[in-house]
Amino acid sequence: MGDQKVARDEEFREFIGGAWSRLLRTAYLLAGDRHGAEDLVQQALERAYVHWTKVRAADDPNAYVRRILINEHARRFRRRPAEYLVEAFPDRPAPTAPDPDARAVLLAALAALPPRQREAVVLRYWEDLSESQTAAAMGCSVGTVKSQAARGLAKLRDTASLSGLISVGVGR
């Protein structure tokens, strides 16, 4: 029994080594900040470890764990009310408006989207998943993915701070 557990743990460690950066990137785009993303990945990997025999038996363990990550994100959003971040602390003056880089502007625009639209946009256009893969990851139909992604893209197009980036042609 002890050798099997050691082998299982080693197999899980190898999986994490290959999947960590990809999961963290996806979680960062969903959560909007590094600390939230790390917590999200940690929670997803905890669940994956508990069910590792089921995960490794899946056709695509990466997709299985990505689905766990999406579910954790949805669970987190349902549990807590929305948080509002402020740029200044009450005891410090507000910073002057910095010239934000394209990445920060895009991340802020993504963070402003509702969670399901953000999931659809991130998985479809950042992770480059097909509509059916995105639907499987989100646990919904392909039609829902299409509508949520279309609504999310429409909101991003209407975002004033992104209009300058679109005309310049800044990509990923």
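Here the structure is shown first, and the text comes after it.
Below, the structure is looked at part by part. (Residues numbered from 1 in each chain as written. Predicted model: local features only at pLDDT ≥ 70, side-chain atom pairs only at ≥ 80, totals over all residues. Heavy atoms only, no water.)

What follows concerns the pattern of salt bridges. Here the structure, examined in full by the defined rule, presents nine salt bridges. E131 serves as the salt-bridge partner of K146, at 4.0 Å between the closest nitrogen and oxygen. Linking K146 in helix α8 (residues 142-158) with E131 in helix α7 (residues 131-138), this pair joins segments that are 15 residues apart in sequence. Here the salt bridges do not stand alone but share partners, grouping R47, E72 and R75 into one network. (Salt bridge = Lys/Arg side-chain N within 4 Å of Asp/Glu carboxyl O. Helix = DSSP H or I, 4+ residues; strand = E, 2+ residues; numbered from the N terminus.)

It is worth spelling out the packing of aromatic side chains at this point. The tally for this structure, following the rule as stated, stands at three aromatic pairs. Summarising the aromatic geometry, the rings of F12 and Y49 are spaced 5.1 Å apart at their centres and angled 65° between planes, so their arrangement reads as edge-to-face. Here F12 is found in helix α1 (residues 2-31), whereas its partner Y49 is found in helix α2 (residues 34-50), with 37 residues between them in sequence. For Y49, a relative accessible area of 26% puts it in the partly exposed group. Both rings, one in F12 and one in W52, keep their centres 5.0 Å apart while their planes meet at 80°; by these two values the pair is edge-to-face. (Phe/Tyr/Trp six-rings, centres within 6.5 Å; stacked < 30°, edge-to-face > 60°. Buried < 20%, exposed > 50% of the residue type's maximum accessible area, 1.4 Å probe, protein only.)

Keep in mind these values describe shape, not function.
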